[in-house]
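What the coordinates show
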Amino acid sequence: VSRISTRAGDADPNRPAPIREVARRLEEDFPAARTELDHEDAFGLLVATVLSAQTTDARVNAVTPELLGRWPGPTGLAGADPEEVAQVLRPLGMGPTRAERVIGLSRALLENHGGEVPDDQDALEALPGVGRKTALVVRGVHFGHPLLAVDTHVTRLAGRLGWTTSTQPRRVERDVVERTEAPGEGAPLDLTALSLRLILHGRRVCTARSPDCSSCHLADLCPRIGVDA
Ligand code: SF4
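Residues numbered from 1 in each chain as written. Predicted model: local features only at pLDDT ≥ 70, side-chain atom pairs only at ≥ 80, totals over all residues. Heavy atoms only, no water.

We now examine the nonpolar core. Most often, soluble globular proteins have nonpolar side chains that are buried together. Ranked by size, the top nonpolar core spans 36 residues in total, and within it Leu46, Leu67, Leu77, Val85 and Leu89 carry the most contacts. Element by element, the count of residues in this core is highest for helix H2 (residues 42-51), at eight residues. Leaving out residues up to four positions away in the same chain, leucine 67 has contacts with Val47, Leu51, Leu77, Val85, Val88 and Leu89. Core analysis: the next-biggest nonpolar cluster, separate from the first, contains 31 residues, Val22, Leu26, Val176 and Cys222 among them. (Core = buried A, V, L, I, M, F, W, Y, C linked by side-chain atoms within 4.5 Å. Buried < 20%, exposed > 50% of the residue type's maximum accessible area, 1.4 Å probe, protein only. Helix = DSSP H or I, 4+ residues; strand = E, 2+ residues; numbered from the N terminus. Contact = heavy atoms within 4.5 Å.)

Here we come to the layout of surface pockets. By volume, the largest pocket amounts to about 400 Å³. For the largest pocket, the lining is made up of 25 residues, of which Asp57, Lys133, Asp151, Ile199 and Arg203 are closest to its centre. Where the lining of the largest pocket is concerned, the elements lending two or more residues are helix H8 (132-142), helix H9 (152-160) and helix H11 (191-204). Class assignment of the residues belonging to the lining of the largest pocket gives a composition of nine nonpolar, 10 polar and six charged. Size it by volume and the second largest pocket reaches roughly 250 Å³. His39, Glu40, Gly44, Thr64 and Leu68 are, among the 13 residues lining the second largest pocket, the residues nearest its centre. Here the element with the most residues in the lining of the second largest pocket is helix H3 (residues 57-70); it accounts for four residues. For the lining of the second largest pocket, the residue count by class is five nonpolar, five polar and three charged. (1 Å grid on protein atoms, 1.4 Å probe; cavity = no way out; pocket = protein on both sides within 12 Å on 5 of 7 lines; lining within 4 Å. Points joined across faces, edges and corners; volume = space filled by probe spheres on them. Nonpolar A, V, L, I, M, F, W, Y, C, P; charged D, E, K, R; others polar.)

As a further point, take the confidence of the model for the protein. Of all residues in the protein, 95% have pLDDT values of 70 or greater, and the mean over the chain is 93. Across residues 1-8 the pLDDT falls below 50, and counting only partners more than four positions away or on other chains, this stretch makes 20 contacts in the model. (pLDDT = per-residue confidence, 0-100.)

Another point: the site of the ligand. Taken together, Arg160, His201, Cys206, Pro211, Cys213, Cys216, Ala219, Cys222, Arg224, Ile225 and Val227 make up the full set of residues near the ligand. Because more than half of its atoms lie within 2 Å of the grid, the ligand is assigned to the largest cavity. Along the lines of polarity and charge, the residues of the shell around the ligand split into eight nonpolar, one polar and two charged. (Near = heavy atom within 4 Å. Sits in = over half its atoms within 2 Å of the grid points.)

Across all of its chains, the model carries 15 salt bridges by this definition. What you see here is one network of salt bridges that share partners, running through Glu21, Arg24, Arg25, Glu28 and Asp220. (Salt bridge = Lys/Arg side-chain N within 4 Å of Asp/Glu carboxyl O.)

The structure is reproduced here in structure tokens:
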């Protein structure tokens, strides 16, 4: 990784960006901290998040209206024909696998939770196709808990901002959360909003391949300003 000087500032390559100031500026940039996955309820968010693996939110948003319109709720999808569901999910790639995943998920919700999405980390992670990140997204975004869901953007940003040296999601989560819990720091940070805003910043500005440091609101705080991806 090489560095170029793109903007004069106070950034110190050895000093992590102050997390509360980053959160404050990202709140200015993205006042509405929100997921870009369209959904109407907890089940819709859960299904959309599961489907978003290895594809884009825009592609998921293009198929979920038909998916959940034809087979509404866990009851609808649990009884759906896998081949028909796979056909609807085809534009995402791996249609049959994704179909199995959402049908299995729906059946497990019906069998174990009366068709309701549980507000419980372990119960969510026990559902087929649901990992830690998906469970944190659902609990943070739908149920309103302050939780840092770590995806590829949050991992990259946390590294560039000097908050972690790891790319392992559990470790990134721990390093970032610990940083927000420093004594004397005042009210707890809304970690759900922070992770959603980091994702938006990572998509719009600090992209993996061409971070736009010259127009970045965090440039004077960022230890990796001028990072050459
Ligand atoms: S765009 Fe550049 S300055 Fe902004 S956070 Fe990313 S690496 Fe740092």
